Number of protein chains: 2
Amino acid sequence: MNENLNAIDRLTSLLSKLPGLGKKSAVRLAYHILDADSAYAHALGEELIAFHGSIRRCSRCGSFTESDPCPICADPGRDHSILCVVERAQDVRFIEDSREFRGCFHVLDGLIAPLEGITPDKLRIGELVSRIRGENIREVILAMNPTVEGDTTALYIQKILKDSDVEITRLASGMPVGGDLEYIDRLTLSRSFRGRIKL
Amino acid sequence: MNENLNAIDRLTSLLSKLPGLGKKSAVRLAYHILDADSAYAHALGEELIAFHGSIRRCSRCGSFTESDPCPICADPGRDHSILCVVERAQDVRFIEDSREFRGCFHVLDGLIAPLEGITPDKLRIGELVSRIRGENIREVILAMNPTVEGDTTALYIQKILKDSDVEITRLASGMPVGGDLEYIDRLTLSRSFRGRIKL
């Protein structure tokens, strides 16, 4: 029935795999792309093909970067004695967008969740401990989301660091309980940084 | 600040140009694509680059196609004596998806809208008249959306065809007034085909 729409069907089918896009939205996007300049489709296509190749992980902090170490770790203007510990690499972006924090980052690559088999050894907690020993860190800000897993992970890190002389803080209220860093507005995130509490 | 996220920023900026995608949604999609298999990003990228090149317009009916004439116009199993007249090339797809109609199509490429400078000569109405003269057409179904412009265009086509012996029909109610073919559910569209009224 639709053999005449093969390329449109293929594009629609690929687009509808993206989160939040149903079949109808994918069809609309495909026709929008067809109506638009072909240069746009080319630019988007080339960007997508190069995408995974151009993004890697920073060997120090674990954030997404095009160079290693990432520009944040390599920036002498930032405060290298403060580490902000986040769950996922993309959380670095959300915090950077708030322009509130001038220290460095450490990405855990997940949160402790024993029921899902995610034990501390599967996270980048060992790397965090090594950095604290080797990099003259003064403060560690635990910026995991305020969920059960986030609180569990914060507690775990607090325990294994309790004998070190590093100051451990946790992002303050301002973030609603059960919320997600990705959806917090900039002002609320700023307030969480300013009001962080010592553990 | 974000020099380390260049490829992500570029992809986000391109994605946020798509209709219905704001900046936050575009960022989410970009990170989703980064988390997913790179084969997916490659497939989507290649499809986008080839997209405009592989889609053309059928020289007979004006619908989007990879071959000319399109598979619908070239299909001997379809009723070539009935033409369904639609506003846009993508409307052919929405009608095909309802599996209600087994005739052929004619795309107008717009609707008469004098205030926007769209006069009948800017639409594919002349081609419609030629096809009716040359192709032994028995019935013309006017399937434009039931809006002011759609009704105006239907009236205009009805007038210029009134001396021909072709039967002219208009899609029946079932479509809400002011609605759009793109968003009609399949059953409602089926009912519109079955209950079409003779003008």
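Going along each chain's sequence as written, the residues are numbered from 1 onward. For this description, chains carry letters from A and ligands carry numbers from 1, given in the order in which they are written. Reporting in this predicted model follows two pLDDT cut-offs: at least 70 for local features of residues, and 80 or more for side-chain atom pairs to be given and counted; totals over whole chains, interfaces and linings ignore these cut-offs and use all residues. Heavy atoms from the whole structure form the basis of all side-chain values; hydrogens and water molecules are not counted.

Draft legend 1. Highlighting the overall build of chain A. The helix count covers DSSP runs of H or I at least four residues long, the strand count covers runs of E at least two residues long, and both are numbered beginning at the N terminus. The helix and strand inventory of chain A stands at eight helices and seven strands. Only protein chains enter the accessibility calculation, which uses a 1.4 Å probe; a residue whose area is less than 20% of its type maximum is buried, one above 50% is exposed, and one in between is partly exposed. Relative to its 199 residues, chain A shows a buried fraction of 51%. Contacts in chain A between residues at least 24 apart in sequence constitute 56% of all its contacts with a sequence separation of at least 6. Methods summary: accessible areas were calculated by the Shrake-Rupley approach with a probe of 1.4 Å, and residue burial reflects only the protein chains presented. Carbon and sulfur atoms make up 51% of the accessible area of chain A, which totals about 9200 Å². For this count, His and the chain ends are skipped, Lys and Arg are scored as positive, and Asp and Glu as negative. Where a charge sits is defined by one atom per residue type, namely NZ (Lys), CZ (Arg), CG (Asp) or CD (Glu). Charged side chains in chain A number 26 positive and 29 negative. The centres of these two groups are separated by 3 Å. Should any heavy atoms of two residues lie within 4.5 Å, those residues are considered in contact.

Draft legend 2. Examining the interface of chain A and chain B more closely. At the junction of the two partners, chain A supplies 61 residues and chain B supplies 62 residues. Salt bridge, as used here: a side-chain nitrogen of Lys or Arg that lies within 4 Å of a carboxyl oxygen of Asp or Glu. The interface formed by chain A and chain B contains six salt bridges. Between Glu47(B) and Arg10(A) there is a salt bridge whose closest N-O contact spans 3.1 Å. Polar contact criterion, stated in full: a pair of N or O atoms within 3.5 Å, where within protein one must be able to donate a hydrogen and the other to accept it, and residues adjacent in sequence count only if both atoms are side-chain atoms. Where chain A packs against chain B, one counts 14 residue pairs in polar contact (both at pLDDT 80 or more). Of all the elements in the fold, those that place two or more residues in the side of chain A that touches chain B are helix 1 (6-15), helix 2 (23-35), helix 3 (38-54), strand 2 (64-65), helix 4 (71-74) and helix 5 (89-98) of chain A. The element that contributes the greatest number of residues to the side of chain A that touches chain B is helix 3 of chain A, accounting for 14 residues. Residues are grouped as follows: nonpolar covers Ala, Val, Leu, Ile, Met, Phe, Trp, Tyr, Cys and Pro; charged covers Asp, Glu, Lys and Arg; every other residue, Gly included, is treated as polar. Across the side of chain A that touches chain B, the residue classes tally to 30 nonpolar, twelve polar and 19 charged.

Draft legend 3. Layout of helix 1 of chain A. Among the residues of helix 1 of chain A, Ala7(A), Ile8(A), Leu11(A), Thr12(A), Leu14(A) and Leu15(A) are the ones counted as buried. Take helix 1 of chain A and look down its axis: the buried residues cluster within an arc of 165 degrees, on one side only. Considering only its buried residues, helix 1 of chain A is in contact with helix 2 of chain A together with helix 3 (38-54), strand 2 (64-65) and helix 5 (89-98) of chain B. In this description, the arc belongs to the directions extending from the helix axis to the C-beta atoms.

Draft legend 4. Structural context of the side chain of Thr65(A). All names here are of chain A. Tracing the backbone through its elements, the reader meets Thr65 in strand 2. Look at Thr65 and you get buried, because its relative accessible area is 0%. Polar side-chain contacts of Thr65 include one of 2.4 Å to the backbone oxygen of Ser67.

Draft legend 5. Molecular detail of the nonpolar core. Counting 106 residues, the largest nonpolar core has Ile33(A), Phe51(A), Ile95(A), Ile157(A), Ile33(B), Phe51(B) and Ile95(B) as the members making the most contacts within it. Excluding anything up to four places from it in sequence, Ile95(B) contacts Cys84(B), Val86(B), Phe101(B), Phe105(B), Ala143(B), Leu181(B), Leu189(B) and Phe193(B). The term nonpolar core refers to a set of buried residues drawn from Ala, Val, Leu, Ile, Met, Phe, Trp, Tyr and Cys, joined through side-chain atoms within 4.5 Å. Core analysis: the second largest hydrophobic core is formed by 20 residues, Leu83(B), Val85(B), Leu111(B) and Met144(B) among them.

Draft legend 6. Representation of the packing of aromatic side chains in the model. Centres within 6.5 Å make a pair out of two Phe, Tyr or Trp rings, where for Trp the six-membered ring is used; the pair is then stacked when the planes are under 30 degrees apart, edge-to-face when over 60, and tilted otherwise. Summed over all chains, the structure comprises six aromatic pairs over all chains. Grouping aromatic residues by their ring pairs yields a cluster made of Tyr31(A), Phe64(B) and Phe94(B). Between Arg57(A) and the ring centre of Phe64(A), over which it is positioned, the NZ or CZ distance is 5.4 Å. Charge-over-ring placement is defined geometrically: NZ (Lys) or CZ (Arg) within 6 Å of the ring centre, and within 35 degrees of the ring normal.

Draft legend 7. Here's a closer look at the side chain of His106(A). All names here are of chain A. Structurally, the position occupied by His106 is in strand 4 (residues 103-107). Accessibility expressed as a relative area gives 0% for His106, which makes it buried. Here Leu128 takes part through its backbone nitrogen, which lies 3.5 Å from a polar atom of the side chain of His106. A polar contact of 3.1 Å, which involves the side chain of His106, links it to the side chain of Arg131. In this structure His106 touches Arg60, Cys61, Leu83, Cys84, Val85, Val86, Arg124, Glu127, Leu128 and Arg131, once residues within four positions along its chain are discounted.

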